[in-house]
Amino acid sequence: MAIKSAGTSQLFRHLLARAQIVGPLTVADFMREVLANPREGYYINKDPLGAQGDFITSPEISPMFGELLGIWFVHTWRAAGSPKGVRFIELGPGRGTLMDNMLTAVQKFPDFTENLQVSLVETSPTLAALQASKLGCGTLGSSVGARDAGQPYASANCRQGHATTWYRNLTEVPTAGWTCLVANEFFDALPVHQFEKTKDGWRERLVDVLDKPDENGRQFRLVLSPQATEPLRAAEVLLCDPSLPVGAVVELSFDGLVAAKAVARHLAPGGAALVVDYGEVNKTSDTLRAFRKHKQVHVFDEPGTADLTCDVNFNHLARALVNPGTVSVHGPVTQQLFLQRMGIATRAAALTRAQPDKADGIRAAVAMLTETMGTRFKVLGATSKAHPLPTLPGFSG
């Protein structure tokens, strides 16, 4: 795909003007504008998933992924004593494929689905419409409108008859009942600040503008703050490792920490969560990347036309979840190990017996989920301390 000349998009002009007026942007502000600008943001007006999009996620590869996650939630709910009133919550539901597959799997357990409610946290009108279609909710157009604080911006019944609601923020979703929360490739898309260690101490990386486009048509560049910034001062407690060499880069998502704390508040009365994403337990490198049409491109090429993503720091995430003292964390373990322990081989064998003509596709899906993506992706579990669950399927052998 050829690089467009600088200044061809409204988002580009907005970013350029903002940087010229207020000065260099933090990497987090740049990501936030590119991904979630209310008019031109990457996620706001397009469907980025699938073969025709820019990336593919595990639920789009095979229903087995969502089915096994659904079964995991049933098991944890029963282990906790089968509390009344279950609410499925998904953060960043994409096309709705994962939720659809989980709902299909749990229909076999009527004690679990009795009074089951579904809540989807989604900011993109385009993706919300796709989710509604996938879940059999019909068209959301007539139900989207003005709302009171804490109320959903859309509601319908899914094909299984469960009340389904859409919210823009997790803090708006009711906490009553037993929460089953899933976040698949959600945290990797949240904006991060980047801090680099220099011979003069830590500095924040910023996005500045060039006077004119370079030979590749890019007019943005990374620079270092001349002194400590407010985000840097807030992150100092995480930057005190003297073993880190000059040049080390630490990424910190304040948005991710806030989201994790919101998850912990939801789980506190009773519930369980699964976070599935690519990343490491701890990392000290620059992982900011852009993807367009399943290929990596430069992060400053045509802002708004490619997905921006960073590896999740599971150490930061786990610390934020347990900090209130109301939640226990489990793992992380690799996606490969989690799915194997949850019985993906048994499920694949059953599907192959039922559909022998699709055996090759089933084998390919298992290989993609457990080998290609198996070690890169991690699974982190979280459960309420109000219902102690010392061992969980998928996290123990």
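Residues numbered from 1 in each chain as written. Predicted model: local features only at pLDDT ≥ 70, side-chain atom pairs only at ≥ 80, totals over all residues. Heavy atoms only, no water.

1. Structural notes on the nonpolar core
In step 1: By size, the foremost hydrophobic cluster in this structure holds 55 residues, and its most contacted members are Trp72, Phe88, Phe112, Trp166 and Phe338.
In step 2: Examining the composition of this core, we find that eight residues originate from one element, helix α4 (residues 63-79), more than from any other.
In step 3: The contacts of Trp72, once residues within four sequence positions are left out, are Ala272, Ala273, Leu274, Phe338, Met342, Leu392, Pro393 and Phe395.
In step 4: Membership of the second largest hydrophobic core comes to 27 residues, among which are Ile89, Val121, Leu181 and Ala259. (Core = buried A, V, L, I, M, F, W, Y, C linked by side-chain atoms within 4.5 Å. Buried < 20%, exposed > 50% of the residue type's maximum accessible area, 1.4 Å probe, protein only. Helix = DSSP H or I, 4+ residues; strand = E, 2+ residues; numbered from the N terminus. Contact = heavy atoms within 4.5 Å.)

2. A few points about the pattern of salt bridges
In step 1: Scanning all chains against the criterion turns up 18 salt bridges.
In step 2: Taking the shortest distance from any N to any O, the salt bridge between Asp255 and Arg32 comes out at 3.1 Å. Linking Asp255 in helix α9 (residues 254-267) with Arg32 in helix α2 (residues 27-36), this pair joins segments that are 223 residues apart in sequence.
In step 3: Its relative accessible area of 29% is what places Asp255 among the partly exposed residues.
In step 4: Under the relative-accessibility criterion, Arg32 is labelled partly exposed at 32%.
In step 5: Salt-bridge contacts for Lys378 lead to Glu280; the nearest nitrogen and oxygen are separated by 3.8 Å. (Salt bridge = Lys/Arg side-chain N within 4 Å of Asp/Glu carboxyl O.)

3. Comments concerning the packing of aromatic side chains
In step 1: Inspection of every chain in the model, using the stated rule, returns twelve aromatic pairs.
In step 2: Here Trp72 and Phe73 contribute two aromatic rings whose centre-to-centre distance is 5.1 Å and whose plane-to-plane angle is 85°, an arrangement assigned as edge-to-face.
In step 3: A relative accessible area of 0% means that Phe73 is categorised as buried.
In step 4: For the ring pair Tyr278 and Phe377, a centre distance of 5.3 Å and an interplane angle of 80° mean the geometry is edge-to-face. Placement of the pair is Tyr278 in strand β11 (residues 271-280) and Phe377 in strand β17 (residues 377-384), with a sequence separation of 99 residues.
In step 5: A relative accessible area of 11% means that Tyr278 is categorised as buried.
In step 6: Taking the relative accessible area as the measure of exposure, Phe377 reaches 7% and is therefore buried.
In step 7: Among the aromatic residues, those joined into a ring-pair cluster are Trp72, Phe73, Trp77, Phe88, Phe112, Phe338 and Phe395. (Phe/Tyr/Trp six-rings, centres within 6.5 Å; stacked < 30°, edge-to-face > 60°.)

4. Side note on helix α7 (residues 125-134)
In step 1: All buried positions along α7 are accounted for by Leu127, Ala128, Gln131 and Ala132. Down the axis of α7, the buried set is contained in an arc of 145°. They therefore lie on one face.
In step 2: Against β3 (117-121) and β5 (163-167) lie the buried residues of α7.
In step 3: Of the residues flanking the end of α7, it is Gly136, one or two places downstream, whose phi is positive at about 75°. (Arc of directions from axis to C-beta.)

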